[in-house]
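# Inside the fold
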Amino acid sequence: MSLKKALFIDRDGTILVEPMPSEQVDSFEKFEFIPGAISGLKSLVNLGYELVLASNQDGLGTDSFPYEDFIGPQNLMLKTLEGEGVVFDDILIDRSFPADNLPTRKPGTGMFGKYLSGEYDLSASYVIGDRATDAALAANLGCKAILLRLAGGQVLDTQQDVDNRYQCLDRSDISQTANNQPDILQAKSWGEIAGFLRRGVRCATIERNTRETQIKVTVDLDGCLQSGISTGLNFFDHMLDQIAHHSGIGLQIEAKGDLKVDEHHTMEDVAICLGEALKQALGDKRGIARYGFALPMDECEAMVLLDLGGRIDFGWEVPFTREYVGDTPTEMFRHFFKSLCEAMQCNLHIRARGENNHHLAEGVFKAFARTLRQAVACNPFDYEIPTSKGLL
Ligand SMILES: [Mg+2]
């Protein structure tokens, strides 16, 4: 059984504005969502995390913070979020005062026993909060922290608090270090938090080693991966670059093929790996759509129609008149797209007309890239699978 993942989400200062100086939301007058919190939380649904609300409510249930004053705003928040499809799997609230020094009070982990039992992959889980104590909770749980530091918003820790205890890095540092993530991310908005957590979800790597070729293809449908392409065929690289650039998909292709025989195996096997990687990265195709694109390229017109519906059909009408463009044989473009179509399990119809063979090839690759861009675009707020059958 695979381990579960969780997002431990702080309430005050993270979902709701923390009123000052009382620091408690004890009336409807003090009730206000942090900007972007509702849409941010909504886009985290269906990413495979359990959502856990984890909050310290100092002295809740005592005269300093009667329960009746707490529960109205709390329920309003939960109901509002529920209406947007955000339902917490668990709600953990510590009621002690700081001076009580109880292990249940964050950053203590006394409330989190269930999550420390081995059922959860804490290294793949996050605390989302707004204070250094939230980062400390993450450290105590063995997960990572995302601290919301709203631009122009209130930061209740002194920066020194944070700097002294944790190595806080800016998101711009983090975006380049997917495999070496620091443990604390500072986000300036809920949009950044959602973008970060959604990253890497729709990725796939396919490796294929035969006597003819050694190929490794990585795709990231949400484009966070820096693209790099090397197949040994310059014009083919240029065309694959068009796919990466115009589709917005992060694409890494490293291919070593038997070019001394000819270009066939290299181009075919790149297509197979690319198609398999795209198919795998798309997963259950939640939130994607079916599309086509047509574009002119000087005297040439290219049209690509694509349906990721799972059935294979391929159409090709591209009248090349030269045997080669650069170092790449034009007859192999049909074979490339046919192999890609079969590996992706899609309907792919490509038509182009024009005189200049370079324009024809480039027009086709660009139109394919644009079509792919539309087809794999994922609306984070649309979780429907785009078919009445319920399965693509
Ligand atoms: Mg807070």
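Residues numbered from 1 in each chain as written. Predicted model: local features only at pLDDT ≥ 70, side-chain atom pairs only at ≥ 80, totals over all residues.

A few words now on the sheet that holds strand 13 (residues 300-307). Read across the sheet, four strands follow the order 12-13-17-14 without closing on themselves; strand pairing throughout is mixed. This sheet does not close on itself; its edge strands, each paired only once, are strand 12 (291-297) and strand 14 (313-317). Neighbour-to-neighbour, the strand axes of the sheet open up by a mean angle of 5°, direction not taken into account. When strand 13 meets strand 17 (residues 347-353), the two strands line up antiparallel, connected through seven bridges. Note that in strand 17 the partner of leucine 306 across the bridge is leucine 348. Against the sheet, helix 9 (residues 331-344) makes contact with strand 14 and strand 17, and its axis sits at roughly 165° relative to strand 14, the strand it touches most. Along the sheet face, helix 10 (residues 357-376) touches strand 12, strand 13 and strand 17 and points at about 150° away from the line of strand 12. (Pairing = 2+ DSSP bridges. Helix = DSSP H or I, 4+ residues; strand = E, 2+ residues; numbered from the N terminus. Axes fitted to C-alpha atoms, helices over the stretch in contact; angles between N-to-C directions. Contact = placed C-beta atoms within 7 Å.)

Confidence in the prediction of the protein, expressed as mean pLDDT, is 87, and 86% of residues score 70 or more. Note on residues 162-181: pLDDT under 50 across the span, and 24 contacts to partners over four residues away in sequence or across chains. The low-confidence segment residues 382-386, where pLDDT is below 50, has 13 contacts with residues more than four positions distant or belonging to other chains. (pLDDT = per-residue confidence, 0-100.)

Further remarks concern the sheet that holds strand 8 (residues 203-209). The strand order across the open sheet built from four strands is 8-9-11-10, with neighbouring strands paired in mixed fashion. Of all the strands in the sheet, just strand 8 and strand 10 (228-230) have a single pairing partner and so form its edges. Across the sheet, the mean angle separating the axes of adjacent strands is 5° when strand polarity is ignored. Pairing between strand 9 (residues 213-220) and strand 11 (residues 250-257): eight bridges, direction antiparallel. Bridge pairing links valine 217 to isoleucine 253 in strand 11. Against the sheet, helix 8 (residues 264-282) contacts strand 8, strand 9 and strand 11, and its axis sits at roughly 30° relative to strand 9.

Taking 1.5 Å of rise per residue, the 14 residues of helix 7 (residues 234-247) would be expected to cover 20 Å, and the 20 Å separating its terminal C-alpha atoms lies within 8% of that figure. Those residues of helix 7 that sit buried are Phe236, Met239, Leu240, Gln242, Ile243, Ala244 and Ser247. Its buried side turned inward, helix 7 meets strand 10, strand 11, helix 8, strand 16 (328-329) and helix 10. Just past helix 7, the residue glycine 248 takes up positive phi, approximately 75°. (Expected span 1.5 Å × (residues − 1). Buried ≥ 20, exposed ≤ 12 C-beta atoms within 10 Å, placed from the backbone.)

With that settled, consider the nonpolar core. Among the nonpolar cores identified, the biggest contains 55 residues, and Leu274 and Val364 are the most heavily contacted of them. Those elements giving two or more residues to this core turn out to be strand 9, helix 7, strand 11, helix 8, strand 13, helix 9, strand 17 and helix 10. In contact with valine 364, other than residues within four places in its own chain, are Ala302, Val318, Phe333, Ile350 and Ala352. Membership of the second largest hydrophobic core comes to 42 residues, among which are Val25, Leu53, Ala54 and Leu122. (Core = buried A, V, L, I, M, F, W, Y, C linked by C-beta atoms within 7 Å.)

This next bit is on unusual backbone geometry. Of note, the amide linkage connecting methionine 20 to proline 21 takes the cis form, showing an omega dihedral of 5°. Inspection of the secondary structure puts proline 21 in the loop between strand 1 (5-9) and helix 1 (37-42). In this model, asparagine 101 sits at a positive phi of 55°, which is unusual for a non-glycine residue. Looking at the element boundaries, asparagine 101 is found in the loop between strand 3 (90-94) and strand 4 (126-129). By the C-beta count within 10 Å, which is 9 here, asparagine 101 ends up exposed. The phi torsion at glutamine 345 lies on the positive side, around 55°, for a residue other than glycine.

It is worth spelling out the pairing of strand 13 at this point. Along strand 13, the buried face is formed by Cys300, Ala302, Val304 and Leu306; none of Glu301, Met303, Leu305 and Asp307, which line the opposite face, is buried. Linking strand 12 to strand 13, which pair antiparallel, is a turn of two residues; within it aspartate 298 sits at a positive phi near 50°.

With that out of the way, let us pick up the pairing of strand 3. Note that strand 2 (residues 49-56) and strand 3 share five bridges and pair parallel. What sits directly across from valine 52, in strand 3, is aspartate 90. A crossover connection joins strand 2 to the parallel strand 3 through helix 2 (residues 67-83); in handedness this β-α-β unit is right-handed. (Right-handed = clockwise from strand over helix to strand, strands pointing away.)

Further remarks concern the packing of helix 8 against helix 9. For the pair helix 8 and helix 9, the least separation of the axes is 7 Å and the interaxial angle reads 30°. Relative to helix 9, helix 8 is oriented roughly parallel. Note on packing geometry: the crossing formed by helix 8 with helix 9 is right-handed. Here His264, Met267, Glu268, Ala271, Ile272, Leu274, Gly275, Glu276, Leu278 and Lys279 of helix 8 lie close against helix 9, whose contacting residues are Met332, His335, Phe336, Ser339, Leu340, Glu342, Ala343 and Met344. The residue inventory of the contact of helix 8 with helix 9, partitioned by class, reads ten nonpolar, four polar and four charged. (Parallel < 35°, antiparallel > 145°, perpendicular 65-115°, else oblique. Left-handed = near helix turned anticlockwise from the far one by under 90°. Nonpolar A, V, L, I, M, F, W, Y, C, P; charged D, E, K, R; others polar.)

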